[in-house]
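Tertiary structure, described
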Amino acid sequence: MAMVVMVLALVAVAVVAGLSLLRGRHRSHTSALIHVDDLAVGAGPAVCAITGEPTDHWVRVSSSEGGFQGWWMILVLFGPVGWIALVVLAAMARRPNRVSGVLPISAEALDRYNAAVATSQRAIIAAGLAMVAWIGAVVWDGGGIGTPAIVAVSALVGVGVVVWLGASIAAPFRWIDLELDGSGRWVTVTRAHPEYAAALMRHNASVHVRRS
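Cut-offs used in this document
- Residues numbered from 1 in each chain as written.
- Predicted model: local features only at pLDDT ≥ 70, side-chain atom pairs only at ≥ 80, totals over all residues.
- Heavy atoms only, no water.
- Pairing = 2+ DSSP bridges.
- Helix = DSSP H or I, 4+ residues; strand = E, 2+ residues; numbered from the N terminus.
- Axes fitted to C-alpha atoms, helices over the stretch in contact; angles between N-to-C directions.
- Contact = heavy atoms within 4.5 Å.
- Core = buried A, V, L, I, M, F, W, Y, C linked by side-chain atoms within 4.5 Å.
- Buried < 20%, exposed > 50% of the residue type's maximum accessible area, 1.4 Å probe, protein only.
- Phe/Tyr/Trp six-rings, centres within 6.5 Å; stacked < 30°, edge-to-face > 60°.
- pLDDT = per-residue confidence, 0-100.

Another aspect to go through is the sheet that holds strand 4 (residues 177–180). In space, the three strands of this open sheet follow the order 1-5-4, with antiparallel pairing throughout. Edge strands, defined here as strands with exactly one partner in the open sheet, are strand 1 (30–35) and strand 4. For this sheet, the mean angle separating the axes of adjacent strands, direction not counted, is 30°. In this sheet, strand 5 (residues 186–192) lies alongside strand 4 in antiparallel orientation, the contact comprising four bridges. Within the sheet, the bridge partner assigned to Leu180 lies in strand 5 and is Val187. Contacts from helix 6 (residues 194–207) reach strand 1 and strand 5, with the element oriented near 30° to strand 1.

We now examine the nonpolar core. In terms of nonpolar packing, the biggest core is built from 24 residues, with Leu103, Ile105, Ile176, Leu178, Val189 and Tyr196 touching the most fellow members. Sorting the residues of this core by element identifies strand 1, strand 2 (58–62), helix 4 (107–139), strand 5 and helix 6 as the ones contributing at least two each. The greatest single-element share of this core, amounting to four residues, is contributed by helix 6. Setting aside its immediate chain neighbours within four residues, Tyr196 contacts Ala32, Ile34, Pro45, Val47, Cys48, Ala49, Gly52, Leu103, Pro104 and Val189.

Enumeration over the complete set of coordinates arrives at one aromatic pair. Here the aromatic rings of Tyr113 and Trp175 are separated by 4.4 Å at their centres, their planes lie at 20°, and the arrangement is stacked. With Tyr113 in helix 4 and Trp175 in the loop between helix 5 (147–170) and strand 4, this residue pair connects regions lying 62 residues apart in the sequence. Residue classification places Tyr113 among the partly exposed positions, given a relative accessible area of 22%. Assessed through its relative accessible area of 10%, Trp175 is described here as buried.

Right, let's talk about the environment of Ala152 for a bit. Within the element layout of this structure, Ala152 appears in helix 5. Note: C-alpha distance between Ala152 and Ala130 (22 residues apart in sequence) is 9.8 Å.

To continue, consider the confidence of the model for the protein chain. Residues at a pLDDT of 70 or more form 59% of the protein chain, whose mean pLDDT is 75. When pLDDT is averaged over each element of the protein chain, strand 3 (residues 100–104) comes out on top at 95 and helix 1 (residues 2–25) at the bottom at 52.

The next point concerns the pairing of strand 5. Buried residues dominate strand 5, accounting for six of its seven residues. As judged from the five bridges shared by strand 1 and strand 5, these two strands associate in the antiparallel manner. In the sheet register, Thr30 faces strand 5, and the bridge partner there is Ala192. Joining the antiparallel neighbours strand 4 and strand 5 is a turn of five residues, in which Gly184 adopts a positive phi near 75°.

As structure tokens, then:
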């Protein structure tokens, strides 16, 4: 029975991941090019990079290139083999080549992103605690806890992981990312709103002359 519950949890994870991905991609977005000097000091149009609306709210942001990927935690569901694979992936992950600066992001957009991140963090903590309880239930099963208790705790683990994965996938699509180009002078703002991209292009045309 526990195996059936785990399989159903994996199916639910796949469904939630797909729906979250589609929902996140539904938001209209594009890429925008910003000079590293403007990014460093927060210069540029006062237009929210996420919503495209005027804003005077500026936020420090950093790139997320490389490093540990949150979705790897799904390997926890596969038992000892998955745990070993998780450790190997974490050890082999290349270190992020980070770039950071200040961008105009409205308080509302920031709140929505923070809410998704908070949901993801709480869900993985709950799933971790449920996993500890599941291990304890298996160890003490001979002492009279019984299979129904193990199945119930397994279901809690599955639900926690499903919620965590859905929130983890949705969160990045509520945010922007940064990619430094080879020249080291320009940064691409990915998943930016088209209005912000257009305003930034006008700013660049009036302030900078880009050289290839």
